[in-house]
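A closer look at the structure
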Amino acid sequence: MKKTSTRLADGRELIYYDLRGDTARTTVDRRPLEPTVTTSEIRRDPLLGDSVAVASHRQGRTYHPPADQCPLCPSKGERLTEIPDSSYDVVVFENRFPSLAGDSGRCEVVCYTPDHNASFADLTPAQARLVLDAWTDRTAELSRLPATRQVFCFENRGEEIGVTLGHPHGQIYAYPFVTPRTALTLRSLAAHRDSGGGNLFDAVLAGELAGERVVLEGEHWAAFVPYAAHWPYEVHLYPKRRVPDLLALDEAARSEFPKVYLELLRRFDRIFGDGEPPTPYIAAWHQAPFGTREAELDGVQRDDFALHLELFTVRRTSGKLKFLAGSESGMSVFINDVPPERAAERLREVASS
């Protein structure tokens, strides 16, 4: 992997990640852009104890442009985009319309491929490995920012999820706080340990691997539908050797990841049968917080946390979506229409031949 860092016309950072070590990146951004102005603010809810980002500048972000005006495609001639060069393998840049900025964190965009009509599932194993390496590198870099407490790499795919740009891409958030989801997990880890149960992640993984909800399993990775899945089709992907973050993955796990993850994504696109549009999904990496005081981790050590990816869709059956209604949105109590055992069975049925 070759990494080349440059600046866009408005001062934002852009990094090329190339498969070939002899790739030269010298093209400059020729757009007449003014410096980016953001209004991101973090407000803490005194009753729930969680944080909300207020970012009014995002009202003006690009919304469903036609393919020939996509800002994530490479620049061609006089059609200038967020990527100055005429080609790329993987590129990461600071979001022009970030949810978090300055002392409130940082948001980056990850473009997986220059092919506007592709998806992550269409990548070759070498391309998927390059994305993994980019995620890892950005996690390392962002974790060193003084304000960063958690790094979140994720992908939203499909208009049903709320995606406003159709080009295959993901995002990376550097939060200046430990997210509510992770804080709950840390409390559960601490409670399980204090009751004499050992590491809760280890217990969950061992229990799932011995059960009926395993979707696929490699030498170094395992994917399963969790016992209490929130979403109609939800899969958790774990490295079999517990590590706290992407930085701690060994080479064996990194090498096997593309094969396992690409197969998982391709199965997701086959869940609802031929002729259905691509399955909308969210893919989310969960990593241990960085730079936190022990009190913020509920006494749990970083190495007690288990890196894992959660993949789920809001489509519950052909042509029908799972909407978050009163119970889910109002009280955070999910009601799942698809039994997890049946979801796992279906994801095994659509395995590649």
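Residues numbered from 1 in each chain as written. Predicted model: local features only at pLDDT ≥ 70, side-chain atom pairs only at ≥ 80, totals over all residues. Heavy atoms only, no water.

**Quick word on the state of the cysteines**
Note the cut-off: Two cysteine sulfur atoms make up a disulfide if the distance between them is within 2.5 Å.
For the structure shown, the criterion picks out zero disulfides. Looking at Cys73, it has no disulfide partner, and the nearest cysteine sulfur is the one in Cys70, 3.9 Å off.

**A few points about the pattern of salt bridges**
The condition that has to hold: Any Lys or Arg side-chain nitrogen found within 4 Å of a carboxyl oxygen on Asp or Glu counts as a salt bridge. Helix numbers and strand numbers start at the N terminus; a helix is a DSSP run of H or I with at least 4 residues, a strand a run of E with at least 2. Relative accessibility thresholds used throughout: buried, under 20% of the residue-type maximum; exposed, over 50%; partly exposed, between the two (1.4 Å probe, protein chains only).
Here the structure, examined in full by the defined rule, presents 35 salt bridges. Between Arg30 and Glu78 there is a salt bridge whose closest N-O contact spans 3.6 Å. Of the two residues, Arg30 sits in the loop between β2 (13-18) and β3 (41-44) while Glu78 sits in the loop between β4 (51-54) and β5 (90-94), which places them 48 residues apart along the sequence. Of the charged contacts in the structure, one is a salt bridge between Glu141 and Arg144, with a shortest N-O distance of 3.0 Å. On the basis of relative accessible area, Glu141 is assigned to the partly exposed category, the value being 29%. Here Arg144 falls in the exposed class, since its relative accessible area comes to 57%. Salt bridges sharing partners connect three or more residues here, namely Arg7, Glu13, Glu94, Arg106, Glu108 and Arg138.

**Some thoughts on the packing of aromatic side chains**
Note the cut-off: Side-chain rings of Phe, Tyr and Trp (the six-membered ring for Trp) are treated as a pair once their centres are within 6.5 Å; stacked means planes under 30 degrees apart, edge-to-face means over 60, and tilted covers the remaining angles.
If you walk through the whole model with that rule in mind, you get 20 aromatic pairs. Arranged with centres 6.3 Å apart and planes meeting at 55°, the rings of Phe201 and Tyr238 form a pair that is tilted. One end of the pair, Phe201, is in helix α3 (residues 200-209); the other, Tyr238, is in strand β11 (residues 233-239), and 37 residues separate them in sequence. Given the relative accessible area of 9%, Phe201 is considered buried.

**Considerations on the sheet that holds strand β10 (residues 221-224)**
Basically, it comes down to this: A strand pair is defined by DSSP finding two or more bridges across the two strands. Here, axes are lines fitted to C-alpha atoms. For helices the fit covers the stretch in contact, and angles between N-to-C directions go from 0 to 180 degrees. The contact criterion used throughout is that any non-hydrogen atoms of two residues lie within 4.5 Å.
Across the sheet, eleven strands lie side by side as β1-β2-β5-β6-β8-β7-β12-β13-β11-β10-β9; this open sheet has antiparallel pairing. Only two strands of the sheet have a single neighbouring strand rather than two, namely β1 (2-7) and β9 (214-217). When the angles between neighbouring strand axes are averaged without regard to direction, this sheet yields 20°. The pairing of strand β7 (residues 150-157) with strand β8 (residues 169-175) spans five bridges and is classified as antiparallel. Bridge assignment links Val151 to a residue of β8, and that residue is Ala174. Of the strands in this sheet, β9, β10, β11, β12 (281-286) and β13 (308-313) touch helix α4 (residues 251-268), which is tilted by about 175° from β11.

**Re helix α6 (residues 340-349)**
Inclusion rule: When we speak of the arc, we mean the arc of directions from the helix axis to the C-beta atoms.
Inspection of α6 places Pro340, Ala343, Ala344, Arg346 and Leu347 among the buried residues, and these make up the whole buried set. Around the axis of α6, the buried residues are gathered within 160° of arc, so they sit on the same side. Contact partners of the buried residues in α6: β9, β11 and α4.

**Overview of unusual backbone geometry**
At Ser332, a residue that is not glycine, the phi angle is positive and equals roughly 60°. Locating Ser332 in the fold gives a position in the loop between α5 (326-331) and α6. Assessed through its relative accessible area of 59%, Ser332 is described here as exposed.

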